[in-house]
Amino acid sequence: MAPRARSRSLLLPICTILTILIHGAHSFYLPGVAPQDFINGAELMVKVNKLTSIKTQLPYSYYTLPFCTPSKIVDSAENLGEVLRGDRIENSPYAFNMGDAKMCNVLCRKTLDSKTAKAFKEKIDDEYRVNMILDNLPLVVPIQRLDQESPPVYQLGYHVGLKGQYSGSKEEKYFIHNHLSFIVKYHKDPQSNSARIVGFEVKPFSVKHAYEGKWNDEKTRLTTCDPHTRHTVVNSNTPQEVEDKAEIIFTYDVEFQDSDVKWASRWDAYLLMTDDQIHWFSIVNSLMIVLFLSGMVAMIMLRTLYRDISKYNELETQEEAQEETGWKLVHGDVFRPPSNADLLCVYVGTGVQFFGMILVTMIFAILGFLSPSNRGGLMTAMLLLWVFMGIFAGYASTRLYKMFKGSEWKKIALRTAVMFPGVVSAIFFVLNALIWGQKSSGAVPFGTMFALIFLWFGISVPLVFVGSYIGFKKPAIEDPVKTNKIPRQIPEQAWYMNPAFSILIGGILPFGAVFIELFFILTSIWLNQFYYIFGFLFLVFAILLVTCAEITIVLCYFQLCSEDYLWWWRSYLTSGSSALYLFLYATFYFFTKLEITKLVSGALYFGYMLIASYAFFVLTGTIGFYACLWFTRLIYSSVKID
């Protein structure tokens, strides 16, 4: 709803911006690919993608199972993000022609042996789904909600099969989905005779097909499914069992349905897959609470600081100043370089690199450039942005290093370029070895490994050195007050000012700003769903910035008031400790929401969540550090120091 032209209220423009962010991010995206027009009878290329399971998190190539194969299997070219996601897109034997409906089309006949039957049973046990693609649209299974008036929920891919029991028997059997009833939805152009594909759905069935006489590939007529008699498959009353020496006949139907959905909006049904009223309410509620707390904190800090600075500046004699206690007393030590200053510089530089990467990625996502049709585009963009943000990492780390009176800038540049990626690469290499041991398509091939190493050492490392050189050539940042030669003794602190306690307390509020959104992010990653609400994600990210900054400033102020000037590392760890809560929440999510039972899958989950938590630590820690640095420089430059 647009605000009235003559309204002077500031609330309406703010609400309008929020509405655009919320609703726009939910539905706005650039198509990512050019539309393709199909005339009647035109051949449609159906491609198969990886087999996926939310129980194992290990993707496999479609043809690792003995499905029907085309005369020649051809791999489709994939981008870097697709390879890292485990996508393996290949051609299929399914033959579609635009507008040409097919009924009971026989694909092939397979006779299982003990090995192939075991392979099918294992995938059915682990609830694997088959993923296909038509005109860049993923295959979905529509599932009707309890509320019949609501649109259906779309499940990505169909299950390989299912387990069940015959009536009157307690023995559990395995059944395969060998008959697929496809529905291709298209939007017809009224000005031409062409159409564009806007939907790709399937209903899987398990059918024990029967036929008369001996099998003949081309001439055999099925008695369970016959297009001549209009006898179609509508249920799985006689399902196809998976067992040794079982004969399985794979068949499919194709139906074409005219749709009012336009090509530019064809992804909307995929992106609006669940009832999200609770989502919006919870996020808004969380943001309002955090905004309220942040406003209160800011108001208290401004009033207290204003009183402190006014009081200090009104002191007339040195004797009166010596009688005072509080943060002014430590002015001679507050800018003393911390222990392990080199490591702090490296972590701050890495945090700046992360901040730049996430900020630019979110801006591109909100503007609609990271289309869902461009599989792997988000991951590819993040990797490339991380590499090119190396110049800012080098600049930030050496600027801080020079402020600490350091001179060996090349050493800092090298550590900034290799430390964080080195730790992540070590974890990633171990996880990749585990995935490779399971013969999963999720294992990163050698060529991709080489490309990642080239991006790291060929582009990122040189850019970090360029940024470091530029940062070190600039004049050093001057401290607002002089540092004493002899360190001041820190008085005994109250129990609540203990570093470990205050650091752990400081991480609660930033985590509270993101934990609800974190639930939906984890669900999209580990339960194989789309995530495309970048408008709210950007709002949550902005609130996270404010919260990290303000909670760190508050605790830093209390620390300085108790005459403890060792704030450098504590400011970083205060907001960075939210990563600990993130990892604990990920552990809670694993045991309450996921059904992972395999050791390798569990290691995969915790390995990737450890990397994510480490990255979150670096990001939030850097935000808190810079907020505290700005705060201390501001207050000590505002008082008269004799």
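As recorded in an unreviewed UniProt entry, the chain goes by the name Transmembrane 9 superfamily member, listed as coming from Populus alba x Populus x berolinensis. Here is the UniProt Sequence similarities (unreviewed entry) comment for the chain, exactly as written: "Belongs to the nonaspanin (TM9SF) (TC 9.A.2) family."

(A) Fine view of the side chain of His 177. Turning to its location among the elements, His 177 is positioned in the loop between β10 (173-176) and β11 (179-188). Within the structure, His 177 has its side chain in polar contact with the backbone oxygen of His 159 (distance 2.7 Å). Residues contacting His 177, with those up to four places away along its chain left out, are Tyr 158, His 159, Val 160, Gly 161, Leu 162, Pro 204, Phe 205 and Ser 206.

(B) Local environment of the nonpolar core. In this structure, Phe 354, Leu 560, Trp 567, Trp 568, Tyr 605 and Tyr 636 are the most contacted members of the largest nonpolar core, which totals 94 residues. Among the elements that line this core, the one with the most residues is helix α17 (residues 599-636), at 16 residues. Apart from residues no more than four positions distant in its own chain, Phe 354 is found in contact with Trp 386, Phe 420, Ala 615, Val 618 and Leu 619. Grouped together as the second largest cluster of nonpolar side chains are 59 residues, Tyr 94, Ala 119, Val 242 and Tyr 252 included.

(C) Up close: the environment of Phe 256. As for its position among the elements, Phe 256 is in strand β13 (residues 247-258). Spatially, the C-alpha atoms of Phe 256 and Lys 102 are 9.4 Å apart, while their sequence positions differ by 154 residues. Not counting residues up to four positions away in its chain, the partners in contact with Phe 256 are Leu 44, Asn 97, Met 98, Gly 99, Asp 100, Ala 101, Val 184 and Tyr 186.

(D) Expanded view of the environment of Ala 494. Within the secondary structure layout, Ala 494 lies in the loop between α11 (446-473) and α12 (499-506). Remark: the alpha-carbon pair of Ala 494 and Ser 562, spanning 68 residues in sequence, is separated by 8.6 Å.

(E) Seen up close, the confidence of the model for the chain. Mean pLDDT over the chain works out to 82, with 86% of the residues at or above the 70 mark. When the elements of the chain are averaged for pLDDT, helix α1 (residues 11-27) gives the smallest value, 39, and helix α9 (residues 390-403) the largest, 94. This model gives residues 1-28 a pLDDT under 50, and the stretch forms 28 contacts once residues within four places in sequence are excluded.

About the criteria used
Residues numbered from 1 in each chain as written. Predicted model: local features only at pLDDT ≥ 70, side-chain atom pairs only at ≥ 80, totals over all residues. Heavy atoms only, no water. UniProt positions renumbered as here; feature names shortened; annotations may be inferred. Helix = DSSP H or I, 4+ residues; strand = E, 2+ residues; numbered from the N terminus. Polar contact = N/O pair within 3.5 Å; in protein donor to acceptor, adjacent residues only side chain to side chain. Contact = heavy atoms within 4.5 Å. Core = buried A, V, L, I, M, F, W, Y, C linked by side-chain atoms within 4.5 Å. Buried < 20%, exposed > 50% of the residue type's maximum accessible area, 1.4 Å probe, protein only. pLDDT = per-residue confidence, 0-100.

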